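Close look at the chain arrangement
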Amino acid sequence: MNDSFESERQLEYIEKIRKQNSGRTLKYCSVVFGCQMNEKDSEKLCGMLECMGYIKTEYEKDADLIIYNTCTVRENADKRLYGRLGVAKQYKRDNPDLIICLCGCMMQEEHVVQKINTSYPYVNLIFGTHNIFKFAELLYAVIETGDRVTDIWKETDLIVEDLPSRRKYPFKSGVNIMFGCDNFCSYCIVPYVRGRERSRKREDIINEIRALASDGVVEVMLLGQNVNSYGKGLSESVSFAELLDEAANIDGIKRVRFMTSHPKDLSDELIDTIRDNPVIARHIHLPLQSGSDRILSLMNRHYTKEDYLRLADQLRTKIPDISITTDIITGFPTEEEKDVEDTLDVIDKVCFDGAFTFEYSKRTGTAAAVMDGQLSKEKMQEFFDRVLKKVQETSKKQAMRFEGSEMDVLVEGINEKDPSMLTGRISQNNVVHFKNCGVSVGSFVKVRLDECQGFYYNGTQVF
Ligand code: SAH
Ligand code: SF4
Ligand code: F3S
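Not measured: the values here are computed from a predicted model.

Considerations on helix 7 (residues 202-214)
For helix 7, with 13 residues, the first-to-last C-alpha span of 18 Å sits near the 18 Å given by 1.5 Å per residue. For helix 7, the full list of buried residues reads D204, I205, I206, I209, L212 and A213. Those residues of helix 7 hidden inside the fold are in contact with strand 7 (172-176), strand 10 (219-223) and helix 8 (240-248). Positive backbone phi, at 100°, marks G216, one or two positions downstream of helix 7.

Structure (structure tokens):
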């Protein structure tokens with residue numbers, strides 16, 4: 001359900017707070033944990049805050065309002081938040097008017113909200129992932145009453161469009177194409193904290209990208225937990241491949257990325273679409289999680305080692321210059337030596353261009369959390385080290401293959417340590433550093449990749 005009435009209501013609250021804030025210089029600090037979904041949500045929160053008259057600061061200690069957008073995908077994400085909140089207590093002591101807000105995935109867990117209630121009484125506002133659009137209304141209630149406000153929804157079918165947003169980068173932007181996830185991989189908390197899968201309407205997505213393009217954006221990243229199943233439940237029949245192609249054909253858009261693809265839903269149509277449209281990045285992030293059929297089945301991933309190898313082979317055959325990156329979990333319950341060997345074998349065969357390796361983290365409420373055979377810390381660490389070493393080898397080897405080539409590079413920034421240098425990215429997503437010859441951030445230039453440094457290149461601009 002798409003609700004334009006709701007966005008109008010929220011704009012009224014934004015206006016009320018803006019009036020109250022007028023004549024005062026109030027600063028906000030936005031702290032984001034987690035994935036691109038959270039990054040995108042925080043851009044919306046920042047957009048709303050700026051419309052209310054708040055000015056951004058990078059430092060929590062200078063802020064009149066801090067908003068932490070939380071992640072709970074692994075246990076250390078939770079720990080990081082509690083650490084930050086401990087420090088924020090001091091800021092609150094120094095500035096009793098400081099408003100502390102918490103939102104995001106962690107807040108969808110009951111035990112977290114209970115803990116905040118008992119141990120962090122100085123938090124002013126708590127809301128979740130489903131009602132982020134209500135931020136202005138909830139903040140208004142905090143300001144008016146001085147009380148703590150908590151509003152967590154268990155589910156929603158609402159998609160509220162047209163709220164303000166403040167982009168982190170002027171030249172690139174994430175674009176949500178769907179929310180939530182229905183896959184219930186047995187280790188994963190995301191379906192519980194982000195709710196059921198809901199696709200945005202094709203028209204809304206395309207209009208958003210057109211507006212971004214006319215505002216100077218040249219690269220978009222289509223975002224969803226499983227973009228390959230885009231379109232389910234919409235009245236119009238449209239596949240992810242069709243949406244991707246349409247996005248890549250919008251005037252002014254020069255590069256389109258997408259994240260994340262689930263191997264079980266990766267279609268031939270999608271592979272052909274990437275191959276045939278050079279605006280679509282030569283990069284796919286295709287989480288493997290494990291190379292063992294037994295573990296994959298326990299993980300509820302719905303593909304086998306052979307299925308994955310077949311997909312990778314098709315990608316590499318049809319699109320030879322594509323980079324394939326992945327996520328791998330080590331130490332899943334019952335994992336043994338032979339399972340890890342299967343994972344190492346897939347890494348060798350696919351020769352990943354990059355991989356995020358995670359130690360399995362038990363998440364309350366998931367199926368895997370109650371499985372027998374949880375591994376010891378030592379075993380988990382041993383498996384992790386072996387997998388990490390292997391992916392570092394393959395990604396280095398893969399990066400070498402582009403050494404000496406000339407590539408189109410999107411200039412993303414001026415090097416912080418050395419302003420005479422620029423940093424950019426090739427279509428395959430690798431970073432390149434090269435001398436600043438006066439091109440502007442956000443433009444595309446040709447760069448020769450002179451020297452591969454493992455994960456990045458040193459290059460020279462080609463005129
Ligand atoms: N929707 C995306 C993943 C989102 S979470 C997908 O399916 O690919 C990002 C990554 O975190 C996952 O791919 C997985 O490798 C890792 N992850 C998720 N839950 C985890 C857990 N409980 N322990 C360790 N890693 C986990
Ligand atoms: Fe989690 Fe699996 Fe959904 Fe990804 S596809 S968010 S890993 S449940
Ligand atoms: Fe974390 Fe939520 Fe993303 S749990 S990984 S921020 S969807």
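Now, onward.
A closer look at the side chain of D327
With respect to the helices, strands and loops of the structure, D327 is situated in strand 13 (residues 323-330). Notably, D327 is buried but unbridged: the nearest opposite-charge side chain belongs to R74, and the N-O separation is 6.8 Å. Of the polar contacts made by the side chain of D327, one reaches the side chain of H285; its length is 2.9 Å. For D327, the contacting residues outside a window of four places in its chain are H285, P287, L288, Q289, F356 and F358.

A closer look at the site of ligand 2
Taken together, the residues surrounding ligand 2 are C181, N183, F184, C185, Y187, C188, V190, P191, Q225, H262 and R301. Grouping the amino acids of the shell around ligand 2 by side-chain chemistry returns 7 nonpolar, 3 polar and 1 charged.

Here's the deal with the site of ligand 1
If you check the shell around ligand 1, you find 15 residues, and the closest are R74, Q225, Q289, D327 and S361. Y187 is positioned such that a nitrogen or oxygen atom in its backbone is 3.0 Å from a nitrogen atom of ligand 1. Note that an oxygen atom of ligand 1 is positioned 2.7 Å from one of the side-chain N or O atoms of Q289. Notes on ligand 1: free accessible area 540 Å², of which the protein chains cover 90%. Among the secondary structure elements, those contributing two or more residues to the shell around ligand 1 are strand 13 and strand 14 (354-359). Taken together, the residues that form the shell around ligand 1 break down as 6 nonpolar, 4 polar and 5 charged. Domain assignment of the residues forming the shell around ligand 1 places at least three in each of domain 2 (169-279) and domain 3 (282-401).

What about the nonpolar core?
If you look at the biggest cluster of nonpolar residues, it comprises 54 residues, and the most contacted ones within it are L222, F240 and Y308. Sort the elements by how many residues they give to this core and helix 8 lands first, with 6 residues. Each of two domains, domain 2 (169-279) and domain 3 (282-401), supplies a minimum of three residues to this core. Excluding anything up to four places from it in sequence, L222 contacts V175, I177, I209, V227, F240, L243, L244, A247, V256, R257, F258 and M259. One finds M48, Y54, I67 and V160 within the second-largest nonpolar core, a separate group that totals 30 residues.

Let's talk about the pattern of salt bridges
Applying the stated criterion to the full structure yields 44 salt bridges. Here D62 makes a salt bridge to K61, at a shortest N to O gap of 3.5 Å. In this structure, the salt-bridge partner of D450 is R448, at a minimum N-O distance of 3.0 Å. For R448, a relative accessible area of 33% gives the class partly exposed.

Some words on the domain arrangement of the protein chain
Here the protein chain is partitioned into domain 1 (3-151), domain 2 (169-279), domain 3 (282-401) and domain 4 (406-461). Once you take the C-alpha centre of each, domain 2 and domain 4 turn out to be 26 Å apart. Summed over both partners, the interface of domain 2 with domain 4 comes to about 750 Å²; 55% of that surface belongs to carbon and sulfur atoms. If you sort the residues of domain 2 by the area they bury against domain 4, F171, R255 and R257 come out on top, with a joint share of 68%. Here domain 2 and domain 4 share 1 salt bridge between them. One salt bridge in this structure joins K172 and E412, with 3.3 Å as the shortest N-O distance.

What counts, and at which threshold
Residues numbered from 1 in each chain as written. Chains lettered and ligands numbered in written order. Predicted model: local features only at pLDDT ≥ 70, side-chain atom pairs only at ≥ 80, totals over all residues. Heavy atoms only, no water. Helix = DSSP H or I, 4+ residues; strand = E, 2+ residues; numbered from the N terminus. Expected span 1.5 Å × (residues − 1). Buried < 20%, exposed > 50% of the residue type's maximum accessible area, 1.4 Å probe, protein only. Contact = heavy atoms within 4.5 Å. Lys, Arg positive; Asp, Glu negative; His and termini not counted. Salt bridge = Lys/Arg side-chain N within 4 Å of Asp/Glu carboxyl O. Polar contact = N/O pair within 3.5 Å; in protein donor to acceptor, adjacent residues only side chain to side chain. Near = heavy atom within 4 Å. Nonpolar A, V, L, I, M, F, W, Y, C, P; charged D, E, K, R; others polar. Areas by Shrake-Rupley, 256 points an atom, 1.4 Å probe, with all protein chains shown as cover. Domains from an automatic or database assignment. Core = buried A, V, L, I, M, F, W, Y, C linked by side-chain atoms within 4.5 Å. Buried area = accessible area lost by both parts, 1.4 Å probe.

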